[in-house]
Amino acid sequence: MSDTESKENLDVYEGALARLGRIAEEVHAPAEVCEALQQPKAVLAATLPVRMDDGATRYFDAYRCRYNDILGPTKGGIRYHPAVTVAEVKALALWMTLKCAVVGLPYGGGKGGVVVDPKKLSRMEIERLSRAYVRAMADFIGPDTDIPAPDVYTNARIMGWMVDEYQVIMRRRAPDVITGKPVIVGGSHGRDEATGRGAYIVIRELAKRRKMKPDKTRVAVQGFGNAGYNVAKLLQDDGYRIVAVSDSKGAIFSEEGFDVESLFHQKQETRELKGVYCEGSVCQMVDHDKITNEELLELDVDILVPAALESVIGTWNVDRIRAPVVVEVANGPVNGDVDETLRERGVIVAPDILTNAGGVTVSYFEWVQNRQGDQWSVEKVRDRLEETMTSAFDAVWSAAEERSLSLRSAAYAVALDRIGEALATQGTREFFQDGR
Ligand code: NAD
């Protein structure tokens, strides 16, 4: 089997369940918790008919998964990507369940996706697609049941269209049905940077524990979108050297390090208009060496930050990964079957369910503000995010130290404990057998 085939054949959901099973056994999680997480609560598949600009109707496959809601309404982004599958949506929804539990949010996990290459649609087609998604899912989502947000190739503007459509259908205001909206229609200050800021806090805390000095630390970031750009920017502000970045079109490397802000602006300027999507590529800018995305992952840097899509480190390239610290800003960038290899080699992996939880945390703040009819200052959002992320990091770090676990296993242990505690309130096998 070729490398590409092995990647394509990997069912990301099966991989997610296998990892969960392995870690649950390692941390002695109760059987009830594992059983509860073996399947989603509900999955809705729909076909979205969308009028194209030329008058033709095209049909798009769309999904929404509510994985587990024992801790609260399900929460998770909507992805627009040609490679979306129902397996991917379920895996992402499972990870959202664990993520919300790690940071202690009153949410379960959900996720959605549309099989589409949004770069091939006009803005009006994207608007019609987004509204069609909400029409198909309107009975499945809701402020107390399932709350979507942005993910890959969806953004605040798209969330704004979606909220608007939902409100038209429901004939009432419901800003709390979707987070990541534009601020003027109920979005939260600080939501756009939240995933990157949360990841930055995790890296900062990790660096403290490992006595890494920012000015001596070289970082490579794969994926220069919302999450990748924001984490790179905050790291650079702290003195870290960002030596490589990439997007879907390729990667660039500079030993001296890039100025992240000007890279971002140049990327913006290569578009004709600042629109829904960035059409420029980082490959076109500043003095640099062009490298491939594969080469970026294999660079000899101090911290590697995969911030694009899942499954970029697996059996095919794990032996060539040289960074001693891998920070999973994307969801699922490291395949479960190489967790042990990386651990044996002493590579520290900051796991996705902790590292990228800043986004859902500020989404939760947005939902709270919407329900209170309030709007917090960006300072308040950042303070609360700082508090949530540092305490989640501390809980995971302590679990790792006390129980001799990897950070990933420790994060799963914290999440499974919380989910287990909630399940226990409804009665366990032991409880019912005792009182029979
Ligand atoms: P985005 O759409 O803003 O950016 C994605 C970036 O990845 C783009 O720059 C794109 O060009 C790049 N990319 C796509 N394919 C690539 C490839 N093969 N190689 C290198 N780069 C590639 O998306 P985002 O919101 O930044 O999401 C990125 C990751 O972070 C995803 O895994 C997402 O699930 C995760 N995440 C995002 C949030 C959030 O709030 N946005 C929260 C938690 C997790």
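Residues numbered from 1 in each chain as written. Predicted model: local features only at pLDDT ≥ 70, side-chain atom pairs only at ≥ 80, totals over all residues. Heavy atoms only, no water.

Caption draft 1: Local environment of the packing of helix α4 (residues 86–102) against helix α15 (residues 407–424). Contact geometry of α4 with α15 gives a least axis separation of 8 Å together with a crossing angle of 85°. When the interaxial angle is binned, α4 and α15 end up roughly perpendicular. In this structure, α4 contributes Trp95, Thr97, Leu98, Ala101 and Val102 to the contact, and α15 contributes Ala411, Tyr412, Val414, Ala415, Leu416, Arg418 and Ile419. Its residues assigned to classes, the contact of α4 with α15 comprises ten nonpolar, one polar and one charged. (Axes fitted to C-alpha atoms, helices over the stretch in contact; angles between N-to-C directions. Helix = DSSP H or I, 4+ residues; strand = E, 2+ residues; numbered from the N terminus. Parallel < 35°, antiparallel > 145°, perpendicular 65-115°, else oblique. Contact = heavy atoms within 4.5 Å. Nonpolar A, V, L, I, M, F, W, Y, C, P; charged D, E, K, R; others polar.)

Caption draft 2: Geometry of the side chain of Asn356. Position of Asn356 relative to the elements: it lies in the loop between α12 (352–355) and α13 (358–372). Taking the relative accessible area as the measure of exposure, Asn356 reaches 6% and is therefore buried. Within the structure, the side chain of Asn356 is placed 3.4 Å from the backbone oxygen of Ala330, a separation counted as a polar contact. Residues within four places of Asn356 in sequence aside, it is in contact with Lys99, Thr195, Glu328, Val329, Ala330 and Asn331. (Buried < 20%, exposed > 50% of the residue type's maximum accessible area, 1.4 Å probe, protein only. Polar contact = N/O pair within 3.5 Å; in protein donor to acceptor, adjacent residues only side chain to side chain.)

Caption draft 3: Structural context of the site of the ligand. Near the ligand there are 23 residues, and of these Asp151, Thr195, Asn226, Ala227 and Asn331 occur at the shortest range. Contacts to the ligand include Ser248, whose backbone N or O atom sits 2.9 Å from an oxygen atom. Between an oxygen atom of the ligand and a main-chain N or O atom of Ala308, the distance comes to 2.9 Å. Protein burial of the ligand: of its 820 Å² of free accessible surface, 87% is covered by the chains. Taken together, the elements giving at least two residues each to the shell around the ligand come down to α7 (191–209), α8 (226–237) and β7 (241–247). (Near = heavy atom within 4 Å. Areas by Shrake-Rupley, 256 points an atom, 1.4 Å probe, with all protein chains shown as cover.)

Caption draft 4: Structural view of the layout of surface pockets. The space that makes up the second largest pocket amounts to roughly 430 Å³. If you trace the second largest pocket, you find 19 residues lining it, with Arg343, Leu405, Ser406, Leu407 and Arg408 closest to the centre. Going through the elements one at a time, α2 (12–26), α11 (339–344), β12 (348–350), α14 (378–403) and α15 are the ones with two or more residues in the lining of the second largest pocket. A per-element tally of the lining of the second largest pocket places α11 first, with four residues. Broken down by class, the residue content of the lining of the second largest pocket amounts to nine nonpolar, three polar and seven charged. (1 Å grid on protein atoms, 1.4 Å probe; cavity = no way out; pocket = protein on both sides within 12 Å on 5 of 7 lines; lining within 4 Å. Points joined across faces, edges and corners; volume = space filled by probe spheres on them.)

Caption draft 5: Looking closely at the packing of aromatic side chains. As enumerated under the stated definition, the model contains ten aromatic pairs in all. Pairing Tyr13 with Tyr67 gives two aromatic rings, centres 6.2 Å apart and planes at 70°, and the pair type is edge-to-face. Note that Tyr13 is positioned in helix α2 and Tyr67 in strand β2 (residues 57–68), a separation of 54 residues in sequence. Taken individually, Tyr13 and Tyr67 each receive the classification buried, so the pair is uniform in this respect. Ring centres of Tyr364 and Phe365 lie 6.1 Å apart, and the angle between their planes is 50°; on these two criteria the pair is classed as tilted. Overall, Phe365 belongs to the buried group, its relative accessible area being 1%. (Phe/Tyr/Trp six-rings, centres within 6.5 Å; stacked < 30°, edge-to-face > 60°.)

Caption draft 6: Representation of the environment of Glu295 in the model. Examined against the element boundaries, Glu295 turns out to sit in helix α10 (residues 293–297). For Glu295, a relative accessible area of 40% puts it in the partly exposed group. Along the primary structure Glu295 and Ile321 are separated by 26 residues, whereas in three dimensions their C-alpha atoms are 9.5 Å apart.

Caption draft 7: Local environment of the side chain of Ser311. By the element assignment, Ser311 lies in the loop between β10 (303–306) and β11 (325–327). Given the relative accessible area of 17%, Ser311 is considered buried. In this structure the side chain of Ser311 is engaged in a polar contact, spanning 2.9 Å, whose partner is the side chain of Asn335.

Caption draft 8: Here's a closer look at the environment of Pro40. Turning to its location among the elements, Pro40 is positioned in the loop between α3 (31–36) and β1 (42–51). If near-sequence neighbours (up to four positions away) are discounted, Pro40 is found in contact with Tyr13, Cys65, Arg66, Tyr67 and Lys90.

Caption draft 9: Structural view of α14. Taking 1.5 Å per residue, 26 residues should reach 38 Å; α14 reaches 37 Å between its end C-alpha atoms and fits that length. Buried within α14 are the following residues: Val381, Leu385, Thr388, Met389, Thr390, Ala392, Phe393, Val396, Trp397, Ala399 and Ala400. Looking at the packing, one finds that the buried side of α14 touches α4, α7, α12, α13 and α15. At the C-terminal side of α14, Ser404 shows a positive phi close to 50°. (Expected span 1.5 Å × (residues − 1).)

Caption draft 10: Region of interest: the pattern of salt bridges. Per the counting criterion, the structure on display carries 34 salt bridges. For Arg135, the salt bridge is made with Glu165, and the minimal N-O distance between the two is 3.2 Å. You can see Arg135 sitting in helix α5 (residues 123–137) and its partner Glu165 sitting in helix α6 (residues 156–170), a full 30 residues away along the chain. What makes Glu165 buried here is its relative accessible area of 10%. As a salt-bridge pair, Arg209 and Asp394 come within 2.8 Å of each other at their nearest N and O atoms. Note that Arg209 is positioned in helix α7 and Asp394 in helix α14, a separation of 185 residues in sequence. Judged by its relative accessible area of 30%, Arg209 is partly exposed. (Salt bridge = Lys/Arg side-chain N within 4 Å of Asp/Glu carboxyl O.)

Geometry only, nothing functional implied.
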